[in-house]
Amino acid sequence: MTALARVAVLGAGSWGTAFAKVVGDSGRDVVLWARRPEVATAVSERRENPDYLPGIRLPETVSATTNAAAALSGVDAVVLAVPSQTLRGNLADWKPLLPPGRTLVSLAKGVELGTLKRMSEVIAEVAEVPSAQVAVVSGPNLAREIAAGEPTATVIACSDHERALALQAATSNDYFRSYTNTDVVGCELGGAGKNVIALAVGIAAGMGLGDNSRASLITRGLAETSRLGAALGADPLTFAGLAGLGDLVATCSSPLSRNRTFGEHLGRGESLARAEAANHGQVAEGVKSCLSICELGERHGVELPIADAVRRVCHEGYSAREMAKELISRAPKAE
């Protein structure tokens, strides 16, 4: 696999912009595609994305455009940094412009509603490429901290190890460390599942519950995500690593986590609409993913009590206190 010299990042939200900075700081040329002209102009002229990462200076190696064809011209890899439920539609528009044979990289963490497909499956289907051409990035990746240059690590998963190694080299610098993995299923389920568990932990925090309650939810949440992963053929060890426990702890613990913060509003008794308004009009990924993850669990006969409780709070008017009472009163069993 040849080295990646030029990379396109499609999506200029906080994570897409932070990832573009990582690649740029690793010595690669990066073209960031933004939907809005004012964002592209700010990145190219002021070296900043004021809407999503204000105060963070982007390297000269990062440029921006609203022209997808220009962004994709001559690139060695394409990074897809759009929300999970919009990935299919966006990728269908970009498909005619994709350079053949290039690695397609997913930053999205979710399971598609309706199809119950993981993001790598959606990419392979829509772009009509082999699954080995698709890689995913997962781990404790809070965008603001990464953009500020705080040390962190991540996992790059791809069934083609050579492609993962090329991406590893293109994302390695003095604050960002990448590990490779071939367990795409486990890495994706860890990333999707942690958003739902973070909502539960946020709900508990919003109710005023303490560290014991939150630690119990994190631990049992990891257990149910691991059960689902095992049913889908994932390596159980993946869930003990960065894409499993690492991502889960970061997302459940940090005030920078959109899912954790969203859950806190729900735990205070606020409606979904009020929580969304407090989240600057953005719905946390876990709100939608809890539906598809619960359906996936039902399809494979896997019990997901925390995810199901979150689903009912978000979509069936279930109260936070009812959720807590139900979870604590489940039938006793061995760990």
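None of the values given here were measured: they were computed from a predicted structure.

Student: I tried to follow the domain arrangement of the protein on my own but got confused; where do I start?
Tutor: One frequently used descriptor of interface size is the decrease in accessible area upon assembly of the parts. By domain assignment, the protein separates into domain 1 (6-182) and domain 2 (192-329). Spacing between the C-alpha centres of domain 1 and domain 2 amounts to 25 Å. The interface of domain 1 with domain 2 comprises 24 residues on the first partner and 23 residues on the second. Between domain 1 and domain 2, a total of about 1,700 Å² is buried, with carbon and sulfur atoms accounting for 66% of that surface. Of all residues in domain 1, Lys109, Leu116 and Leu142 give up the largest surface area on contact with domain 2, accounting jointly for 34% of the area buried on that side. Summed over the shared surface of domain 1 and domain 2, the number is one salt bridge.

Student: Mind showing me how you'd approach the pattern of salt bridges here?
Tutor: Close approach of charged atoms allows side chains of opposite charge to pair. According to the stated counting rule, one finds 22 salt bridges in the structure shown. A salt bridge links Glu60 to Arg47; the shortest N-O distance between them is 3.9 Å. In this pair, Glu60 is assigned in the loop between α2 (37-46) and β3 (62-65) and Arg47 in the loop between α2 and β3, connecting sequence segments 13 residues apart. Classification of Glu60 as exposed rests on a relative accessible area of 61%. In this structure Arg47 comes out as buried when scored by relative accessible area, which is 7%.

Student: What is the right way to look at the packing of aromatic side chains in this model?
Tutor: Two descriptors summarise a pair of aromatic rings, namely the distance from one centre to the other and the angle between the planes of the rings. For the structure shown, the criterion picks out two aromatic pairs. For the ring pair Trp15 and Phe19, a centre distance of 5.6 Å and an interplane angle of 80 degrees mean the geometry is edge-to-face. In this pair, Trp15 and Phe19 both sit in helix α1 (residues 14-25), four residues apart, roughly one turn of the helix. Since its relative accessible area comes to 3%, Phe19 is described here as buried. With 5.2 Å between their ring centres and 75 degrees between their planes, Trp33 and Trp94 make a pair best called edge-to-face. Of the two residues, Trp33 sits in strand β2 (residues 29-33) while Trp94 sits in helix α4 (residues 87-94), which places them 61 residues apart along the sequence. Residue class for Trp33 comes out buried when judged on its relative accessible area of 9%. With a relative accessible area of 5%, Trp94 lands in the buried category. Against the face of Tyr318 rests Arg312, its NZ or CZ located 4.6 Å from the ring centre.

Student: Where do I start with the pairing of strand β5 (residues 103-106) in this structure?
Tutor: By the alternation rule, side chains of β5 split into Thr103 and Val105 and Leu104 and Ser106, which are all buried. Here strand β4 (residues 77-80) runs beside β5; their pairing, made up of four bridges, is parallel. In the sheet register, Ala77 faces β5, and the bridge partner there is Thr103. For the crossover that starts at β4, traverses α4 and ends in the parallel β5, the hand is right-handed. Of the pairings in the sheet, the one linking β5 to strand β6 (residues 134-138) comprises three bridges and is parallel in character. Its bridge partner lying in β6, Ser106 is registered against Val136. The β-α-β motif built from β5, the intervening helix α5 (residues 119-127) and the parallel element β6 has right-handed crossover chirality.

Student: I keep staring at the environment of Ala5 and nothing clicks. Help me out?
Tutor: Topologically, Ala5 is positioned in the segment before β1 (6-10). Separated by 81 residues in sequence, Ala5 and Thr86 place their C-alpha atoms 28 Å apart. Filtering out sequence-adjacent residues up to four positions away, Ala5 remains in contact with Arg28, Asp29 and Asp76.

Student: Looking at this structure, I do not really get the packing of helix α14 (residues 305-315) against helix α15 (residues 320-328). What am I missing?
Tutor: Each pair of packed helices can be described by the angle between their axes along with the distance between the axes. Contact geometry of α14 with α15 gives a least axis separation of 10 Å together with a crossing angle of 160 degrees. Here α14 lies roughly antiparallel to α15, going by the angle between them. Seen from above, α14 lies across α15 with right-handed handedness. Residue-level inspection shows Pro305, Ile306, Ala309, Arg312 and Val313 of α14 in contact with α15, the latter providing Met323, Glu326 and Leu327.

Thresholds, definitions, all that
- Residues numbered from 1 in each chain as written.
- Predicted model: local features only at pLDDT ≥ 70, side-chain atom pairs only at ≥ 80, totals over all residues.
- Heavy atoms only, no water.
- Domains from an automatic or database assignment.
- Contact = heavy atoms within 4.5 Å.
- Buried area = accessible area lost by both parts, 1.4 Å probe.
- Salt bridge = Lys/Arg side-chain N within 4 Å of Asp/Glu carboxyl O.
- Helix = DSSP H or I, 4+ residues; strand = E, 2+ residues; numbered from the N terminus.
- Buried < 20%, exposed > 50% of the residue type's maximum accessible area, 1.4 Å probe, protein only.
- Phe/Tyr/Trp six-rings, centres within 6.5 Å; stacked < 30°, edge-to-face > 60°.
- Lys NZ or Arg CZ within 6 Å of the ring centre and 35° of its normal.
- Pairing = 2+ DSSP bridges.
- Right-handed = clockwise from strand over helix to strand, strands pointing away.
- Axes fitted to C-alpha atoms, helices over the stretch in contact; angles between N-to-C directions.
- Parallel < 35°, antiparallel > 145°, perpendicular 65-115°, else oblique.
- Left-handed = near helix turned anticlockwise from the far one by under 90°.

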